[in-house]
Amino acid sequence: MKIITAEPTGLCFGVRRAVAALEDALKKYGRVYSLGAPIHNPQETKRLERLGLAVVDAPSLVPKNAAAFVRAHGVSPEVLSALAERSINITDGTCPFVKNAQEKAKALSQDGYIVIILGDVSHPEVRGIMGCVSGEVHVLSGAAEIPESFRGKRCGILSQTTQRVEDFSALAAGFISIAPEVKVYNTICRATLERQRSVCRLAGEADGIVILGGKDSANTKKLAEIGGSSGVPTLWIEHAGELERSWVLGKRTIGIAAGGSTPDWLMKELIQKLKMM
Ligand code: SF4
């Protein structure tokens, strides 16, 4: 059996940078409170918890004067102010690409555009971007959701960083057909795009694809969707322990790819397990 690893794959620049900043903060403060899991990967979160990380759901749960960590998804300005007001030492791991989307959303809103975000309204990154908008803001999951009420309005469009380019293009085209003025910022990050393309390439070479990454990771989910829609049997697992011999049997070439929040050590474990099979 041949194993092909997607290129590029695994930890993206933003998450790698954020985890490094968190590890530095843990060394400095001992105890650091993260607003939500610092990375969409339960195995990596557990490793960081062993180093002193505490995951909390709200800024109010971070004790006064303690150390807090903002993950790569970013948070709204309101959350940052709530932390600063209580003299909390903030390590800001917001990915620069997410910061860019936040700034674009703010600027569109200040310039009088209705802000439309392609994405998942429940995703923390999207909530953070929405929090930067002072006027009207909507989150759509695709072109099919564009309502008639946008007809004739000035619309500013951007995307959650992990969305598919095809979906974003379709959304922008949909708005162009109904609105007199449309401003589009492509805020999909290259790391996401490159990982998506690498899975498309795998599909041309492998007769089975394994996607490795957390089940709550939006970018990993997209990779699994791309693999699945290629017609090549695609398996999405969080760690090597979930890989069954029966799935691998009969396949001559296995392609493997990891989401942008999957640490290198999990990928190494998977490769080792496949080699043993
Ligand atoms: S996927 Fe892109 S935007 Fe998100 S953290 Fe990684 S580099 Fe940043």
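In what follows, the structure referred to is the one given above.
This report concerns the structure included in the present document.

Rules used throughout
- Residues numbered from 1 in each chain as written.
- Predicted model: local features only at pLDDT ≥ 70, side-chain atom pairs only at ≥ 80, totals over all residues.
- Heavy atoms only, no water.
- Near = heavy atom within 4 Å.
- Helix = DSSP H or I, 4+ residues; strand = E, 2+ residues; numbered from the N terminus.
- Nonpolar A, V, L, I, M, F, W, Y, C, P; charged D, E, K, R; others polar.
- Pairing = 2+ DSSP bridges.
- Axes fitted to C-alpha atoms, helices over the stretch in contact; angles between N-to-C directions.
- Salt bridge = Lys/Arg side-chain N within 4 Å of Asp/Glu carboxyl O.
- Buried < 20%, exposed > 50% of the residue type's maximum accessible area, 1.4 Å probe, protein only.
- Contact = heavy atoms within 4.5 Å.

**Some details on the site of the ligand**
Next, step 1: Around the ligand sit Cys-12, Gly-14, Val-15, Ala-72, Cys-95, Phe-97, Thr-161, Cys-189, Ala-191 and Thr-192, and those are all the residues in its vicinity.
Next, step 2: Residue assignment for the shell around the ligand shows that the elements contributing at least two residues are helix H1 (13-29) and helix H7 (190-205).
Next, step 3: The residue inventory of the shell around the ligand, partitioned by class, reads seven nonpolar, three polar and no charged.

**So, the sheet that holds strand S1 (residues 2-5)**
Next, step 1: Pairing is parallel across the open sheet formed by four strands, whose spatial order is S1-S12-S10-S11. Two strands lie at the open edges of the sheet, namely S1 and strand S11 (234-237), each paired on one side alone. Direction aside, the axes of adjacent strands within the sheet are offset by 20 degrees on average.
Next, step 2: As judged from the four bridges shared by strand S10 (residues 208-212) and S11, these two strands associate in the parallel manner. Looking across to S11, one finds that Val-210 is bridged to Leu-235.

**Focus on the sheet that holds strand S5 (residues 89-92)**
Next, step 1: One open sheet accounts for four strands, arranged S3-S2-S4-S5; its pairing is parallel. The sheet is open, and its two edges are formed by strand S3 (53-56) and S5, each paired on a single side. Neighbouring strand axes in the sheet, compared pairwise and without regard to direction, differ in orientation by 30 degrees on average.

**Some points on the pattern of salt bridges**
If charged atoms from side chains of opposite charge come close, those side chains can pair.
Next, step 1: According to the stated counting rule, one finds nine salt bridges in the structure shown.
Next, step 2: Residue Glu-44 is joined to Arg-47 by a salt bridge in which the shortest nitrogen-to-oxygen separation is 2.9 Å. With a gap of three residues between them, Glu-44 and Arg-47 both fall in helix H2 (residues 42-50), about one helical turn apart.
Next, step 3: Take Glu-44: its relative accessible area is 3%, and that puts it in the buried class.
Next, step 4: Its salt-bridge partner being Glu-181, residue Arg-154 comes within 3.0 Å of it at the nearest N-O pair. You can see Arg-154 sitting in strand S8 (residues 154-159) and its partner Glu-181 sitting in strand S9 (residues 181-184), a full 27 residues away along the chain.
Next, step 5: Residue class for Arg-154 comes out partly exposed when judged on its relative accessible area of 33%.
Next, step 6: What makes Glu-181 partly exposed here is its relative accessible area of 31%.
Next, step 7: Connected through salt bridges with shared partners, the residues Glu-23, Glu-44 and Arg-47 form a single ionic network.

**Digging into the environment of Ala-206**
Next, step 1: Here Ala-206 lies in the loop between H7 and S10.
Next, step 2: With relative accessibility at 9%, the residue Ala-206 sits in the buried group.
Next, step 3: Each C-alpha atom of the pair Ala-206 and Ile-4 lies 7.7 Å from the other, and the pair is 202 residues apart in sequence.
Next, step 4: When near neighbours in sequence (up to four residues on either side) are disregarded, Ala-206 contacts Val-232, Thr-253, Ile-254 and Gly-255.

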